[in-house]
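So you can see what is in the structure, the chains are spelled out below.
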Amino acid sequence: MKQIQAADWIILNTLIYEIYSIEDFNEMRLNFLKKMKMVIDFDDADFYLADPQHPDQIIEGLSLHHTSARRETLDRQNGDTFGLVHAGKCLVCRDSDLMSDEQLEQTSYYQNILIKNNWHHAMKMILAFEGKFLGLVTFYRNIGKADFAYEDVFLADMMKEHMALRLHEQERFDRENREQHTIEEITAQYHLTKQEHRILCLTMKRMSNPEICDRLSISNNTLKKHFLNIYRKMHINSRLELFKMVKGTD
């Protein structure tokens, strides 16, 4: 087993600081891939985020060396990763930890992504916080190279919780600082129904739940169901977040 050098620890300590201190989110992600290449041997890497509207899929891919043709292929890859993202846990694993080479080579993932990009081995860092999938980092090695070693898994494992926390904090920051829109814009953007639009209008007038129920002649349980649907469509969790997104309700 290869001994981890003191220089590697110095790089990782610096990287942990930079995960939290680099304000530009995409710059932080790219810096992470570059610094990880200083301690782990890989040929390519990409860093995807979970899609807020489809939590089992990935978006906003960022990579070190991919050409446009490669990116087009990669952008069609979703975050399922053999079902592991649904576990809602932070973990690092190699493809070879999940299946044999013979099994892997029969998958569409291998045929459509790995082999087309001259890759054979991959190590994934699945990022999650409090049971929610947030992102996926994948490191690749070209055909002909040895698989990632246990030391590589260990080094990536040291970083996963720090990166997951940064992604969680970034998601919360983005949610709290969303651009405000008019009620009409929100209705169109999030495909609210006519009844949900009425409820949104009355809510923005600071009407209470009983007042809204009385105005629309609906029960409180029905109103709660409408609010849940509105929150789900808008990817928020409370009336406070709703007020923050609507113009003129600061």
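As shown above, the structure is provided for reference.
Read on for an overview of the structure. Only a predicted model underlies this, so the values are computations on that prediction, with no experimental measurement involved.

Quick notes on the rules
- Residues numbered from 1 in each chain as written.
- Predicted model: local features only at pLDDT ≥ 70, side-chain atom pairs only at ≥ 80, totals over all residues.
- Heavy atoms only, no water.
- Helix = DSSP H or I, 4+ residues; strand = E, 2+ residues; numbered from the N terminus.
- Buried < 20%, exposed > 50% of the residue type's maximum accessible area, 1.4 Å probe, protein only.
- Contact = heavy atoms within 4.5 Å.
- Areas by Shrake-Rupley, 256 points an atom, 1.4 Å probe, with all protein chains shown as cover.
- Pairing = 2+ DSSP bridges.
- Axes fitted to C-alpha atoms, helices over the stretch in contact; angles between N-to-C directions.
- Parallel < 35°, antiparallel > 145°, perpendicular 65-115°, else oblique.
- Nonpolar A, V, L, I, M, F, W, Y, C, P; charged D, E, K, R; others polar.
- Salt bridge = Lys/Arg side-chain N within 4 Å of Asp/Glu carboxyl O.
- Phe/Tyr/Trp six-rings, centres within 6.5 Å; stacked < 30°, edge-to-face > 60°.
- Lys NZ or Arg CZ within 6 Å of the ring centre and 35° of its normal.

Here we come to the overall build of the protein. Counting its regular elements, the protein contains 12 helices and 5 strands. When burial is assessed residue by residue, the protein has 48% of its 250 residues classed as buried. Within the protein, contacts between residues separated by at least 24 positions form 61% of all contacts whose residues are at least 6 apart in sequence. For the protein, the computed accessible surface area is about 13300 Å², with 50% contributed by carbon and sulfur atoms.

A few words now on the pairing of strand E1 (residues 44–51). Taking burial as the measure, the 8 residues of E1 include 8 buried ones, the bulk of the element. Relative to strand E5 (residues 132–142), E1 runs antiparallel, the two being bridged by 6 bridges. The partner of Phe-47 across the bridge, within E5, is Val-137.

Axis separation between helix H1 (residues 6–21) and helix H2 (residues 25–37) bottoms out at 10 Å; the angle between their running directions is 175°. It follows that H1 is roughly antiparallel to H2 by the angle criterion. Judged by residue contacts, Ile-11, Leu-12, Thr-14, Leu-15, Glu-18 and Ile-19 of H1 engage Met-28, Asn-31, Phe-32, Lys-35 and Met-36 from H2. Taken together, the residues of the contact of H1 with H2 sort by class into 7 nonpolar, 2 polar and 2 charged.

This paragraph deals with the side chain of His-168. With respect to the helices and strands, His-168 occurs in helix H7 (residues 150–176). Taking the relative accessible area as the measure of exposure, His-168 reaches 19% and is therefore buried. Apart from the residues lying within four places of it in its own chain, the contact partners of His-168 are Phe-129 and Leu-134.

Attention now moves to the pattern of salt bridges. If charged atoms from side chains of opposite charge come close, those side chains can pair. This model, assessed by the stated rule, comprises 10 salt bridges. Across the pair Lys-160 and Asp-157 runs a salt bridge, and its minimum N-O distance is 2.8 Å. With a gap of 3 residues between them, Lys-160 and Asp-157 both fall in helix H7, about one helical turn apart. Since its relative accessible area comes to 32%, Asp-157 is described here as partly exposed. Among the ionic pairs, Glu-196 bridges to Lys-233, the shortest N-O distance being 2.8 Å. Here Lys-233 lies in helix H11 (residues 220–234) and Glu-196 lies in helix H9 (residues 194–204), a separation of 37 residues in the sequence. One exposure class covers both Glu-196 and Lys-233, and it is buried. Ionic contacts of the salt-bridge type, sharing partners, join the residues Asp-41, Asp-43 and Lys-145 into one network.

Our focus in this paragraph is the packing of helix H10 (residues 209–216) against H11. Interhelical geometry of H10 versus H11 gives an angle of 105° and a closest axis separation of 10 Å. Relative to H11, H10 is oriented roughly perpendicular. On H11, the residues that touch Asn-209, Ile-212 and Cys-213 of H10 are Asn-220, Leu-223 and Phe-227. By residue class, the composition of the contact of H10 with H11 is 4 nonpolar, 2 polar and no charged.

Let us now look at the pairing of strand E4 (residues 119–129). For E4, the tally of buried residues reaches 10 of 11 residues, placing the bulk of the element in the interior. One ladder, built from 4 bridges, connects strand E3 (residues 91–94) with E4; its direction is antiparallel. In the sheet register, Cys-93 faces E4, and the bridge partner there is Lys-124. Bridging between E4 and E5 involves 10 bridges; their strand directions are antiparallel. Among the inter-strand pairings, Leu-127 is bridged to a residue of E5, identified as Gly-135. Two successive antiparallel strands, E4 and E5, enclose a turn made up of 2 residues, where Glu-130 displays a positive phi of approximately 50°.

This part is about unusual backbone geometry. Excluding glycine, a negative phi dihedral is what most residues carry, and trans is how most peptide bonds are arranged. With a phi angle near 65°, Arg-206 is a residue other than glycine that sits in the positive phi range. The residue His-235 is not glycine, and still its phi comes out positive at about 60°. By the element assignment, His-235 lies in the loop between H11 and helix H12 (239–245). Under the relative-accessibility criterion, His-235 is labelled partly exposed at 25%.

Right, let's get into the packing of aromatic side chains. The final tally for this structure, using the stated rule, is 5 aromatic pairs. Between the aromatic rings of Phe-42 and Phe-139, the centroid separation amounts to 5.0 Å while the plane-to-plane angle is 50°, which identifies the pairing as tilted. Here the residue Phe-42 occupies a position in the loop between H2 and E1, and Phe-139 occupies one in strand E5, the gap between them amounting to 97 residues. There is no split in this pair, since Phe-42 and Phe-139 are both buried. One Lys or Arg, Lys-37, reaches over the ring of Phe-42 and ends 4.9 Å from the middle of that ring. Above the ring of Phe-148, the side-chain terminus of Arg-141 is found at 4.2 Å from the ring centroid.

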